[in-house]
Amino acid sequence: RGGCGAAAAAAADAGSVDVLIVDAADGSAAPPPALLSDAFFADVRRLLAPTSVLAMNVLARDAAHLASVRASVADALPEHARFECRLPDVLDARPYSRLLFAVRGPGGASPAALAGHPMLGSVGAEAWLAGFSEDFNCG
């Protein structure tokens, strides 16, 4: 079952979301402040299934903004392994544009627990182990 926005989140059962995609902007940056709030991440934690993925499109204004987004995700989802990748220049020329991912496998977020996760095969273990990093391209 899919949906969009706060109404869909409110209607969804706890633990019922396998993949949650955050792709919204406020005109100058993505995600907007409301999607980095404690209230938003409380909903995210409630909705995500035990084996789950959060994918977040980030168009940060500067390094400090990118760091605050990374910290918000890391603080909100400490039980998820995290990695990021830069967008190819063809898609976005901003130096602080990223796709951030937080992933939890059936046994947690350790490399062993994620070994069978579908996303790990295309990303590579080194990116998972590095966490949020400047060194990985989405392609």
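Residues numbered from 1 in each chain as written. Predicted model: local features only at pLDDT ≥ 70, side-chain atom pairs only at ≥ 80, totals over all residues. Heavy atoms only, no water.

Draft legend 1. Here's a closer look at the overall build of the protein chain. Helix and strand content of the protein chain: six helices and four strands. Taken from N to C terminus, the helices and strands of the protein chain fall in the order α-β-α-β-α-β-β-α-α-α. Across the 139 residues that make up the protein chain, the buried fraction comes to 43%. Here the contacts in the protein chain between residues at least 6 apart in sequence split such that 68% fall between residues at least 24 apart. Accessible area for the protein chain stands at about 7100 Å²; split by element, carbon and sulfur atoms hold 58% of it. (Helix = DSSP H or I, 4+ residues; strand = E, 2+ residues; numbered from the N terminus. Buried < 20%, exposed > 50% of the residue type's maximum accessible area, 1.4 Å probe, protein only. Contact = heavy atoms within 4.5 Å. Areas by Shrake-Rupley, 256 points an atom, 1.4 Å probe, with all protein chains shown as cover.)

Draft legend 2. Quick peek at the packing of aromatic side chains. Applying the stated rule across the entire model yields one aromatic pair. Between F40 and F41 the ring centres are 5.2 Å apart and the planes differ by 70 degrees, which places this aromatic pair in the edge-to-face class. Overall, the relative accessible area of 16% leaves F40 in the buried class. F41 gets classed as buried once you look at its relative accessible area, which sits at 3%. (Phe/Tyr/Trp six-rings, centres within 6.5 Å; stacked < 30°, edge-to-face > 60°.)

Function cannot be read off these values alone, since they describe shape.
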